[in-house]
Amino acid sequence: MPRTMTPSVMAATLSRHVRATLLVDIALDTGHIRLNSSDRNLTISGYTYYGVAHLGSVSALDDTAQLQASSIQMALSGIPTAYLDACLDQDYQGRAATVSLAFFSDAYELVDDPVTLFTGRVDQMTATIGKAATITITATNELARWETPNIRRYTDGDQRAEYAEDTGLQFVAQTTEK
């Protein structure tokens, strides 16, 4: 998906009848969760984005000239509590998340490729339980990984924890003493 608006998308935003729709794509091990902010299911590039209309929300996107980590929150409410366990049992942390903006005609025909607004990784998933559940997903952009320390050491124990049969660092401790 392009990151900037094409001339056809810019022309569509200036027309009298255009429908702007947010697209959310979260990649999990069991498959993708694809949602859109309209009241109907939409097929884009062969993928179905399920319409959640007023059942979902996306926080404001930080647009800054500074090179810094930012995050976005996506909430999906009205989920039956029976589906809550299936959502929270997923291995979600670090999975890809994308938020895009697509423009449609009155007949819900796609004007051009969606514009990517945010790409990042899922950081947290929390649930609020009532009569129906609300799942809130927080995703951070790729710059957040720069702030995470890499806690790896050049020791035999650390290397064998990752690669059990690798003996390439077995004499490192002895070389520091010599």
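Residues numbered from 1 in each chain as written. Predicted model: local features only at pLDDT ≥ 70, side-chain atom pairs only at ≥ 80, totals over all residues. Heavy atoms only, no water.

1. Some remarks on the pattern of salt bridges
In step 1: Taken as a whole and judged by the stated rule, the model has 5 salt bridges.
In step 2: A salt bridge links Arg-34 to Asp-25; the nearest nitrogen and oxygen atoms lie 3.4 Å apart. Pair check on accessibility: Arg-34 and Asp-25 agree, each one buried.
In step 3: Arg-95 is the partner of Asp-29 in a salt bridge, and the nearest nitrogen-oxygen pair spans 3.0 Å. With Asp-29 in the loop between strand 1 (19-28) and strand 2 (31-36) and Arg-95 in the loop between helix 2 (84-88) and strand 7 (96-104), this pair connects stretches of sequence that are 66 residues apart.
In step 4: Accessibility expressed as a relative area gives 58% for Asp-29, which makes it exposed.
In step 5: Each of Asp-29, Asp-91 and Arg-95 takes part in a single network of salt bridges with overlapping partners. (Salt bridge = Lys/Arg side-chain N within 4 Å of Asp/Glu carboxyl O. Buried < 20%, exposed > 50% of the residue type's maximum accessible area, 1.4 Å probe, protein only. Helix = DSSP H or I, 4+ residues; strand = E, 2+ residues; numbered from the N terminus.)

2. Quick word on the environment of Leu-28
In step 1: Within the secondary structure, Leu-28 is located in strand 1.
In step 2: Looking at Leu-28, the relative accessible area reads 11%, which means it is buried.
In step 3: It is 7.3 Å that separates the C-alpha atoms of Leu-28 and Gln-90, two residues lying 62 residues apart in sequence.
In step 4: Leu-28 has contacts with Ile-33, Gln-90, Asp-91, Tyr-92 and Arg-95, leaving out every residue within four places of it along the chain. (Contact = heavy atoms within 4.5 Å.)

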